[in-house]
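Residues per chain, in single letters:
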Amino acid sequence: MSFIEELKWRGMLHDITPGTEKLLKEDFVSAYVGIDPTADSLHIGHLVSIMMLKHFQVAGHKPLPLIGGATGMIGDPSGKSQERTLLSEEVLRHNEKAIHKQLIKFLDFDSVKNKAEIVNNYDWMKDFSFLQFLREIGKKISINYMISKDSVKSRLETGLSFTEFSYQLIQAYDFLHLYQNKNCKLQMGGSDQWGNITTGIELIRRTTGNEAYAVTCPLITKADGGKFGKTEQGNIWLDSRYTSPYNFYQFWLNCSDKDVERYIKIFTLMPREEIENLIKEHCKEPHLRKLQKVLAKDITIRVHGEEEYNLAVEASGILFGKGTTEMLLKLPEDVLLSLMEGVPKHTISKSSIENKISIIDFLTEETGVLPSKSEARRALKEGSISINKKKENESKYVSVDDLINSRYIIVQRGKKKYFLVIAE
RNA sequence: GGGGGGAUUCCAGAGCGGUCAAAUGGGGCAGACUGUAAAUCUGUUGGCUAAGCCUUCGGAGGUUCGAAUCCUUCUCCCCCCA
């Protein structure tokens, strides 16, 4: 199966320039995807374009992940309704390093024939003077052309700084630079990058007279219309400091049936036949949630490793399975703590519960698990509060007898929301 | 510049002197069902020392026993005419 066919059946092809398929068939090609270092970790949204590069490499071509050390200093207006604040150079350099480390996990950097190579546009932009840039590059692209791009057009009403306006030209130059220095003829990215990519193609055409190509993938959506990759707590990051492996695993496990079929095609490398069989099985026995489990396993192992995956599964079993108070009481402290990783923690002084206190005070004043006493009363009336896995009502008093390992109390609001209260 | 309409609790949007912590819908949260899914149904959705009290209906004043509702003024938004 060709690279393009692969993308097609996986639902990863949104737009493609004419002739791309022919080029890939006849030549050994390099392609790049740009990632701006706006944070010191990638999130799962980035994973889509990384998977494009991965498939590209599997198809025998050479992937060039580009870290936007320069473009990150400018800010891409694509898909943004507002001007953004600039990151300091120090932060950017730090972010670049972190992202570099993460990228290494996903692509093959050792292959003799087509090893991946990370490039950073800061390397070629940092010594390119403003005047030189205007004379060499700016002269080739007209304002009219740049303004006609959606990313710019949509911002003309609300305002757009010259800085962000310039972004597409810098990205276009990246493409030209890679074309000339790395023989890179293809740029890939999310569909929101189409405008920027075609500006690059135009620049290459005007500079060299040659053709360059683009492939974009659709924006990943959720069936319920929400933003992909976001939870109440924010983005799902690849870095375990920001999203614990447990939460990462849970995110995939919680995908709805509608979404999971699309996601497993995008985020795993599993072959078509295997995925189609899985989907069939899933339809037969949806309650087993096989697809979600396979997807969560595959991607958690690739991002965090097998050991972290096993811990996440184990934790899920205890928290969502038929876990009882007795089970919790038996857990060693370190297991309990790793289980509670990524769960909001609240501290309380041990002395405050030496005498019994009402559960309402415990939930609000003492720990801040719930924001007001009204809400606490309501929750208790609804039967949504559990202490150490046991449902409680308003008549409950909390005391040192409730402490697990004489230090912890596990509070649940509803089925899924956990809080760990630590008595000190 | 002239004329008109509007600002209500997370959002949309009723209310137009007491029965208003404010209809209804959406969203949120929870319960039931289930599969940690979806759909559906139910409850709930300002705070507190809770059959009571306090703070809320763009801001500031005023009328009144009593104001989200009436008056004055300010701020902001929308529409129409020039």
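Residues numbered from 1 in each chain as written. Chains lettered and ligands numbered in written order. Predicted model: local features only at pLDDT ≥ 70, side-chain atom pairs only at ≥ 80, totals over all residues. Heavy atoms only, no water.

### A word on the environment of Asp40
As for its position among the elements, Asp40 is in the loop between strand 2 (30-35) and helix 3 (44-58). Judged by relative accessible area, Asp40 falls into the buried class, the value being 10%. Taking the C-alpha atoms as reference points, Asp40 and Asn95, separated by 55 residues in sequence, lie 3.9 Å from one another. Dropping the residues within four chain positions of it, Asp40 is found in contact with His94, Asn95, Ala98, Asp239, Arg241 and Tyr242. At 2.9 Å, the side chain of Asp40 forms a polar contact with the side chain of His94. Of the polar contacts made by the side chain of Asp40, one reaches the side chain of Tyr242; its length is 2.6 Å. (Helix = DSSP H or I, 4+ residues; strand = E, 2+ residues; numbered from the N terminus. Buried < 20%, exposed > 50% of the residue type's maximum accessible area, 1.4 Å probe, protein only. Contact = heavy atoms within 4.5 Å. Polar contact = N/O pair within 3.5 Å; in protein donor to acceptor, adjacent residues only side chain to side chain.)

### Some words on the pairing of strand 9 (residues 345-348)
Here strand 9 shows a buried face lined by His346 and Ile348 and an unburied face lined by Lys345 and Thr347. Relative to strand 15 (residues 417-423), strand 9 is paired through four bridges, and the arrangement is parallel. Its bridge partner lying in strand 15, Thr347 is registered against Ile422. (Pairing = 2+ DSSP bridges.)

### Some thoughts on the sheet that holds strand 11 (residues 385-387)
Strand order in the open sheet formed by five strands is 9-15-14-11-12, with mixed pairing between adjacent strands. The open sheet has two edge strands with one neighbour each: strand 9 and strand 12 (390-391).

### Quick look at unusual backbone geometry
Positive phi values are uncommon outside glycine, yet Arg289 reaches one of about 50°. You can see Arg289 is positioned in the loop between helix 14 (272-284) and helix 15 (290-304). We note that Asn388 has phi near 50°; this positive angle belongs to a residue other than glycine. Residue classification places Asn388 among the buried positions, given a relative accessible area of 6%.

### Here's the deal with the layout of surface pockets
A volume near 1,400 Å³ is recorded for the largest pocket. Taken together, 46 residues make up the lining of the largest pocket; nearest its centre are His43, Gly45, His46, Lys80 and Asp192. Among the secondary structure elements, those contributing two or more residues to the lining of the largest pocket are strand 2, helix 3, helix 10 (167-182) and strand 5 (184-190). In terms of residue count, the dominant contributor to the lining of the largest pocket is helix 3 (five residues). For the lining of the largest pocket, the class distribution of residues is 15 nonpolar, 23 polar and eight charged. (1 Å grid on protein atoms, 1.4 Å probe; cavity = no way out; pocket = protein on both sides within 12 Å on 5 of 7 lines; lining within 4 Å. Points joined across faces, edges and corners; volume = space filled by probe spheres on them. Nonpolar A, V, L, I, M, F, W, Y, C, P; charged D, E, K, R; others polar.)

### Section: the protein's contact with RNA strand B
Neighbouring residues of RNA strand B: 24 residues in total, closest Ser374, Arg377, Arg378, Arg413 and Lys415. Near the protein, within 4 Å, the atoms of RNA strand B are sugar or phosphate in 55% of cases. Within the side chain of Ser374, one N or O atom sits 2.5 Å away from a phosphate oxygen of RNA strand B. Those elements giving two or more residues to the surface near RNA strand B turn out to be helix 12 (245-253), helix 16 (306-320) and helix 20 (373-382). Among the elements that make up the surface near RNA strand B, the one with the highest residue count is helix 20 (five residues). (Near = heavy atom within 4 Å.)

### Some thoughts on the sheet that holds strand 1 (residues 15-16)
Within a sheet, each strand pairs with its neighbour through backbone hydrogen bonds, oriented either parallel or antiparallel. Pairing within the open sheet is mixed, and its six strands lie in the order 1-6-5-2-3-4. Whereas interior strands pair on both sides, the edge strands pair on one side only; in this sheet they are strand 1 and strand 4 (119-120). The pairing of strand 1 with strand 6 (residues 213-217) spans two bridges and is classified as antiparallel. Bridge pairing links Ile16 to Val215 in strand 6. Along the sheet, helix 10 contacts strand 2, strand 3 (62-67), strand 4, strand 5 and strand 6; its crossing angle with strand 5, the most-contacted strand, is approximately 145°. Helix 11 (residues 194-208) rests against strand 1, strand 5 and strand 6 of the sheet, and its axis sits at about 175° to strand 6. (Axes fitted to C-alpha atoms, helices over the stretch in contact; angles between N-to-C directions.)

### Regarding the side chain of Thr20
By the secondary structure assignment, Thr20 is in helix 2 (residues 20-26). Engagement of the side chain of Thr20 in a polar contact is seen with the backbone oxygen of Thr17, the distance being 2.5 Å. Among all residues touching Thr20, those that are not within four sequence positions of it are Leu186, Tyr213, Ala214 and Val215.

### Describing the nonpolar core
One finds Ile44, Leu186, Met188, Trp252 and Phe267 to be the most contacted residues of the largest nonpolar core, which totals 58 residues. Apart from residues lying up to four places away in sequence, Leu186 is in contact with Thr20, Leu24, Val29, Ser30, Ala31, Tyr32, Phe56, Phe175, Tyr213, Ala214 and Val215. The next biggest cluster of nonpolar side chains, apart from the first, holds 31 residues, and it includes Phe165, Tyr167, Leu169 and Ile197. (Core = buried A, V, L, I, M, F, W, Y, C linked by side-chain atoms within 4.5 Å.)

### Some details on the pattern of salt bridges
According to the stated counting rule, one finds 26 salt bridges in the structure shown. One salt bridge in this structure joins Glu202 and Arg206, with 2.7 Å as the shortest N-O distance. With Glu202 and Arg206 both in helix 11 and four residues apart, the pair spans about one turn of that helix. You can call Glu202 buried: its relative accessible area is 13%. The partner of Arg413 in a salt bridge is Glu375, and the shortest N-O contact between them spans 3.3 Å. Here the residue Arg413 occupies a position in strand 14 (residues 408-413), and Glu375 occupies one in helix 20, the gap between them amounting to 38 residues. On the accessibility criterion, Arg413 (22% relative accessible area) is partly exposed. A single salt-bridge network, built from bridges that share partners, covers Glu202, Arg205, Arg206 and Glu211. (Salt bridge = Lys/Arg side-chain N within 4 Å of Asp/Glu carboxyl O.)

Distances and angles like these do not, on their own, reveal function.
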